[in-house]
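Tertiary structure, described
Residues per chain are reported as follows:
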Amino acid sequence: MLSADTLLSEASTLTSGSLGEEGDAVPEVSFGGVRAPEARRIVFVVDASGSMIGAFPEVVSELENSLRGLSPKQFYGILLFQETGSIEVPPKGKLLSAQNENITESMNWVEDNIYPTGRSNPTAALRRAFILDPDVIFIVSTNITGSGEFEINKKELLATLDELNPIRRSGTRAIRIRCIQLLDKDPLGTLETIATLHGGREGYAFINRDQLGLGSSR
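Right, let's walk through the structure included here. This one's a predicted model, so the numbers in the text were calculated from it and none came from an experiment.

**So, the overall build of the protein**
Looking only at helices and strands, the protein features 6 helices and 9 strands. Split into buried and exposed, the 218 residues of the protein put 50% on the buried side. Considering only residue pairs separated by 6 or more positions, the protein has 74% of its internal contacts joining residues 24 or more positions apart. About 10400 Å² of surface is accessible on the protein, with carbon and sulfur atoms providing 48% of the total.

Right, here's the structure in full:
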């Protein structure tokens, strides 16, 4: 596991090309109805465990729609989590300008290389997301705390995020986290709690099975 100091040190060495002039207006980011205005650097952290098999094509489609709505002045990264690992859509360690050709290459790579399988723990992918120094992180998952041998305790996950994204003296956090819960509601409310603590209640959405075209919600 990387410490917060290590993450900050590594983040300073990563490049994302020219991020545009600070005064330039950029479109707001939207995924599944959850919005993030004025974000120039966006990282998507997407569940690629077996529980996503039915939903994954729709999630990838929504991801592409989100990226297509960005300006080339905005930069994005995509991380997927399976088991305890983090899969980074190339190029590793660099955010890409949201140009159409880059988006096409990214989505083709996901389609060719990612198949939802197994169980998952998001910790490695979330730590990697912070290394990329985003303004906002979108987390998309069915069960963010996982299950079985890869299960992570809710308090442990919240503590990790507090370490990576602490509250500043101003009472705000450096990075906003938006969360989309898929398929079934989480009785622990973990993603909703993360969104509330790291950006406000408006940063959370639940998309059920009916909305994804997968049959009746439970």
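**So, the pairing of strand β9 (residues 204-208)**
For β9, a buried count of 4 out of 5 residues is recorded, marking the element as mostly surrounded by other parts of the structure. Remark: the strand β8 (residues 176-183)/helix α6 (residues 190-197)/β9 crossover connection has right-handed handedness.

**Section: helix α3 (residues 100-113)**
The end-to-end C-alpha distance of α3, which contains 14 residues, comes to 20 Å, matching closely the 20 Å that a straight helix rising 1.5 Å per residue would cover. The complete set of buried residues in α3 reads N102, I103, S106, M107 and V110. Along the axis of α3, the buried positions cluster into a sector of 125°, meaning they face one direction only. Looking at α3, the residues exposed on the side facing more than 90 degrees away from the buried face are E105, E111 and D112. Of the surrounding secondary structure, the elements contacted by the buried residues of α3 are α2 (56-68), β4 (75-82) and β6 (96-97).

**Observations regarding the nonpolar core**
Counting residues in hydrophobic clusters, the biggest one holds 36 residues, and the most contacted among them are F44, F56, L67, F138 and L182. The element that contributes the greatest number of residues to this core is α2, accounting for 5 residues. Each residue touching F138, except ones within four places of it in the same chain, is listed here: V29, F31, V34, A36, I42, V43, F44, V45, R178 and I180.

**Comments concerning the packing of α2 against α3**
Between α2 and α3, the shortest axis-to-axis distance is 10 Å and the interhelical angle comes to 170°. The pairing of α2 with α3 is recorded here as roughly antiparallel in orientation. Of α3, the residues touching α2 (which contributes F56, V60, L63, E64, L67 and R68) are N100, I103, T104, M107 and V110.

**Quick word on the side chain of E88**
Residue position: E88 is located in strand β5 (residues 85-88). Of the residues examined, E88 reaches a relative accessible area of 13% and is grouped as buried. There is a polar contact of 2.7 Å between the side chain of E88 and the backbone nitrogen of G93. Reaching out from E88, the side chain makes a polar contact with the side chain of R128 at a distance of 3.0 Å. Contact partners of E88, with chain neighbours within four places excluded, come to I78, L79, G93, K94, W109, R128 and L132.

**Overview of the environment of T172**
Note on placement: T172 falls in the loop between α5 (154-164) and β8. Here T172 falls in the partly exposed class, since its relative accessible area comes to 36%. In sequence terms T172 and H198 are 26 residues apart; their C-alpha atoms lie 8.3 Å from each other. If we ignore the near neighbours within four places in the chain, the residues touching T172 are P166 and I167. A polar contact is formed between the side chain of T172 and the side chain of S170, at a distance of 2.7 Å.

**What about unusual backbone geometry?**
Backbone torsion omega between P90 and P91 reads 0°, so that peptide bond is classified as cis. Its place among the elements puts P91 in the loop between β5 and β6. In this structure, E38 is a non-glycine residue whose phi angle is positive, near 60°. Along the chain, E38 falls in the loop between β2 (34-36) and β3 (41-47). Of the residues examined, E38 reaches a relative accessible area of 68% and is grouped as exposed.

**With respect to the packing of aromatic side chains**
Scanning the entire structure with this criterion turns up 3 aromatic pairs. On the numbers, 6.5 Å between centres and 45° between planes, the contact of F31 with F138 is tilted. A residue pair is termed long-range when its members are at least 10 positions apart, and F31 in strand β1 (residues 29-31) and F138 in strand β7 (residues 136-141) qualify at 107 residues. Judged on exposure class, the residue F31 and its partner F138 are both buried. An angle of 25° between the planes, with centres 5.4 Å apart, marks the rings of F44 and F138 as stacked. Placement of the pair is F44 in strand β3 and F138 in strand β7, with a sequence separation of 94 residues.

What counts, and where the lines are drawn
- Residues numbered from 1 in each chain as written.
- Predicted model: local features only at pLDDT ≥ 70, side-chain atom pairs only at ≥ 80, totals over all residues.
- Heavy atoms only, no water.
- Helix = DSSP H or I, 4+ residues; strand = E, 2+ residues; numbered from the N terminus.
- Buried < 20%, exposed > 50% of the residue type's maximum accessible area, 1.4 Å probe, protein only.
- Contact = heavy atoms within 4.5 Å.
- Areas by Shrake-Rupley, 256 points an atom, 1.4 Å probe, with all protein chains shown as cover.
- Right-handed = clockwise from strand over helix to strand, strands pointing away.
- Expected span 1.5 Å × (residues − 1).
- Arc of directions from axis to C-beta.
- Core = buried A, V, L, I, M, F, W, Y, C linked by side-chain atoms within 4.5 Å.
- Axes fitted to C-alpha atoms, helices over the stretch in contact; angles between N-to-C directions.
- Parallel < 35°, antiparallel > 145°, perpendicular 65-115°, else oblique.
- Polar contact = N/O pair within 3.5 Å; in protein donor to acceptor, adjacent residues only side chain to side chain.
- Phe/Tyr/Trp six-rings, centres within 6.5 Å; stacked < 30°, edge-to-face > 60°.

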